[in-house]
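Given next are the chains, with one letter for each unit.
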Amino acid sequence: MQRILVTGGCGFIGSNFVRHMISGDPGLSIVNVDKLTYAGNPENLQDIESDARYTFRHGDIGDRVFIDGVLGEGPVDAVVNFAAESHVDRSILDSGPFVQTNIVGTQVLMDACRKHQVPRYVQVSTDEVYGSLGDEGAFTEETPLAPNSPYSASKAAADLLVRGYHHTFGFPAVITRCSNNYGPYQFPEKLLPLFISNLLENKPVPVYGKGENVRDWIHVMDHCRGIEAALRNGQLGAVYNFGGRSEMRNIDLTRLLLKLLDRPESLIRYVQDRPGHDLRYAIDCTRAERELGWKPQVTFESGLRETIAWYVQHTEWVARIKSGEYTRYYDQQYGDRLSQS
Ligand code: NAD
Ligand code: DAU
């Protein structure tokens, strides 16, 4: 591959992926299309923005004229679609941008890929499309889709559109579905960066409900390596699950963070639960291991320590984000919850 187009490359996973691909493949150029929403931060790619193999295009994946223009600038060997509204709590406050970007944006992007005959397309999706598990079992690629939040419903809708385009038009797509990512450059609205940054400031951490919900944690670089494997070697029309084989209850993770940061238990606040809160996610990633030769490499213990160290070293990056729009969101999401706890 010589030239790929990545969308949402200024976000958390996208920026890690762009850096990974640029540093790992000297023959590769990347065009990054990003709308720079509240979650898109060009600072995340500051270290590579002057690399001649990197081009940034500011715009919306849902803007047909813009996307047609970018794809018309020259042939690309593949499109990898990270661009999305990604936070479940925000989808509960307002689902509009989720429908627009995650569903309509995917449709516009695929139409443009068809017009410009892009030979390969990767849709970066999530394990949340499968819904919620009880105490046992794990999601496979055959688990029926049963999304439970406006966010996961919009991602499932996009996956179904991709499936339909593949079946009807032979659209050359691969879908990846991954569990909860953690690592550097994650926006501090998600559990891990929110709790780490709050604890570094000696602020309370809001645990939803009793903290009994379970998530499977995967280091973002393991996810990026999985997406690269699916991009290069995935079978067209296939779905690949990726997970970290690292399940933990939120309250156990919160206590581990307190221990690693040497903070008191009194900083835990049990707050009103997330409506429709999925109980448990777990991923069976046997297919990716067998067909792509992929497996997670970063242990949760070492990845978490390294991630904490990154946030300790990047307090200014966090401080620049935790102002303006972020403060309004934080007050809306947590104001009443924290005052009632
Ligand atoms: P993020 O919120 O950190 O970043 C999203 C990026 O997309 C931002 O740079 C934003 O500016 C950009 N964007 C949003 N709307 C856009 C639009 N209309 N046009 C162009 N750019 C737009 O998200 P993330 O956590 O990095 O997730 C990336 C992808 O991976 C998403 O599709 C998400 O559903 C999926 N995913 C995330 C996780 C996770 O744990 N974070 C797990 C599995 C799958
Ligand atoms: O599973 C993959 C998904 O993981 C991705 O598709 C999403 O884009 C990503 O945001 C993430 O979704 P979650 O809802 O699982 O992540 P979040 O960090 O928001 O929450 C993790 C768990 O922590 C969840 O059970 C809710 C809980 N939580 C979260 C926040 C923000 C709290 O208890 N308190 C909080 O303040």
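Residues numbered from 1 in each chain as written. Chains lettered and ligands numbered in written order. Predicted model: local features only at pLDDT ≥ 70, side-chain atom pairs only at ≥ 80, totals over all residues. Heavy atoms only, no water.

**Regarding the nonpolar core**
Inference 1: Ranked by size, the top nonpolar core spans 32 residues in total, and within it Leu 192 and Leu 257 carry the most contacts.
Inference 2: When contributions to this core are tallied by element, the ones reaching two or more residues are helix H6 (191-200), strand E8 (205-208), helix H8 (250-261), strand E12 (268-271), helix H10 (300-313), helix H11 (315-321) and helix H12 (325-340).
Inference 3: What Leu 257 contacts, discounting residues up to four positions off in sequence, is Leu 192, Phe 195, Ile 196, Leu 199, Leu 304 and Ile 308.
Inference 4: The next biggest cluster of nonpolar side chains, apart from the first, holds 30 residues, and it includes Ala 156, Val 162, Ala 173 and Val 239. (Core = buried A, V, L, I, M, F, W, Y, C linked by side-chain atoms within 4.5 Å. Buried < 20%, exposed > 50% of the residue type's maximum accessible area, 1.4 Å probe, protein only. Helix = DSSP H or I, 4+ residues; strand = E, 2+ residues; numbered from the N terminus. Contact = heavy atoms within 4.5 Å.)

**Let's talk about helix H7 (residues 220-233)**
Inference 1: With 14 residues, H7 should cover 20 Å at 1.5 Å per step; its first-to-last C-alpha distance of 20 Å lies within 8% of that length.
Inference 2: The element H7 is extensively covered by neighbouring structure, given that 10 of its 14 residues are classed as buried.
Inference 3: Residues of H7 that are buried include every one of Val 220, Asp 222, His 223, Cys 224, Gly 226, Ile 227, Glu 228, Ala 229, Ala 230 and Leu 231, and no others. (Expected span 1.5 Å × (residues − 1).)

**With respect to the site of ligand 1**
Inference 1: Neighbouring ligand 1 are 28 residues, the closest being Ile 13, Asp 34, Ser 86, Tyr 151 and Lys 155.
Inference 2: Asp 60 places a side-chain nitrogen or oxygen 2.9 Å from a nitrogen atom of ligand 1.
Inference 3: Measuring from an oxygen atom of ligand 1, one finds a backbone N or O atom of Val 124 at 3.5 Å.
Inference 4: For ligand 1, the accessible surface in isolation is 840 Å², of which the surrounding protein chains cover 97%.
Inference 5: For the shell around ligand 1, the secondary structure elements donating two or more residues are helix H1 (12-24), strand E5 (121-126), helix H5 (150-169) and strand E7 (180-182).
Inference 6: At three residues, E5 tops the list of elements feeding residues into the shell around ligand 1.
Inference 7: The residue inventory of the shell around ligand 1, partitioned by class, reads 12 nonpolar, 12 polar and four charged. (Near = heavy atom within 4 Å. Polar contact = N/O pair within 3.5 Å; in protein donor to acceptor, adjacent residues only side chain to side chain. Areas by Shrake-Rupley, 256 points an atom, 1.4 Å probe, with all protein chains shown as cover. Nonpolar A, V, L, I, M, F, W, Y, C, P; charged D, E, K, R; others polar.)

**Points about the side chain of Arg 337**
Inference 1: In this fold, Arg 337 is placed in helix H12.
Inference 2: One buried charged side chain, Arg 337, makes no salt bridge at all; its nearest oppositely charged neighbour is Asp 89, positioned 5.6 Å away.
Inference 3: Polar side-chain contacts of Arg 337 include one of 3.3 Å to the backbone oxygen of Asp 273.
Inference 4: Among the polar contacts made by the side chain of Arg 337, one reaches the main-chain carbonyl oxygen of Gln 333 at a distance of 3.0 Å. (Lys, Arg positive; Asp, Glu negative; His and termini not counted. Salt bridge = Lys/Arg side-chain N within 4 Å of Asp/Glu carboxyl O.)

**Points about the site of ligand 2**
Inference 1: Near ligand 2 lie 26 residues; those nearest to it are Asp 127, Glu 128, Tyr 151, Arg 274 and Tyr 334.
Inference 2: With respect to ligand 2, the side chain of Asp 127 contributes an N or O atom lying 2.5 Å from an oxygen atom.
Inference 3: Measuring from an oxygen atom of ligand 2, one finds a side-chain N or O atom of Tyr 151 at 2.6 Å.
Inference 4: Protein contact buries 95% of the 680 Å² of open area that ligand 2 shows by itself.
Inference 5: Those elements that place two or more of their residues in the shell around ligand 2 are helix H3 (88-93), H6 and E8.
Inference 6: Its residues assigned to classes, the shell around ligand 2 shows 11 nonpolar, eight polar and seven charged.

**Topic: the sheet that holds E7**
Inference 1: The three strands are arranged E7-E9-E11 in an open sheet whose pairing can be described as mixed. Pairing within the sheet leaves two strands with one partner each, and these edge strands are E7 and strand E11 (247-249). For this sheet, the mean inter-axis angle between neighbouring strands, taken without regard to orientation, is 45 degrees.
Inference 2: Pairing analysis gives three bridges linking strand E9 (residues 214-219) to E11, with the strands arranged antiparallel. Paired with Asp 216 across the strands is Glu 247, a residue of E11. (Pairing = 2+ DSSP bridges. Axes fitted to C-alpha atoms, helices over the stretch in contact; angles between N-to-C directions.)

**Description of H10**
Given 3.6 residues per turn, any residue in an α-helix points the same way as the ones three and four places further on.
Inference 1: Between its first and last C-alpha atoms H10 spans 20 Å; for 14 residues at 1.5 Å apiece the expected length is 20 Å, and the two agree.
Inference 2: Along H10, the residues classified as buried are Phe 300, Gly 303, Leu 304, Thr 307, Ile 308, Trp 310 and Tyr 311. The buried residues of H10 occupy an angular sector of 155 degrees when the element is viewed end-on, so they sit on one face. Of the exposed residues in H10, the ones pointing more than 90 degrees away from its buried face are Glu 301 and Gln 313.
Inference 3: Each element contacted by the buried residues of H10 is listed here: E7, H6, E9, E11, H8 and H11. (Arc of directions from axis to C-beta.)

**Some remarks on the pairing of strand E4 (residues 78-81)**
Inference 1: Alternating residues of E4 divide into Ala 78 and Val 80 and Val 79 and Asn 81, and every residue in both groups is buried.
Inference 2: Summarising the sheet, E4 and E5 pair through three bridges and their orientation is parallel. Considered in E5, the bridge of Val 79 is made with Tyr 121.

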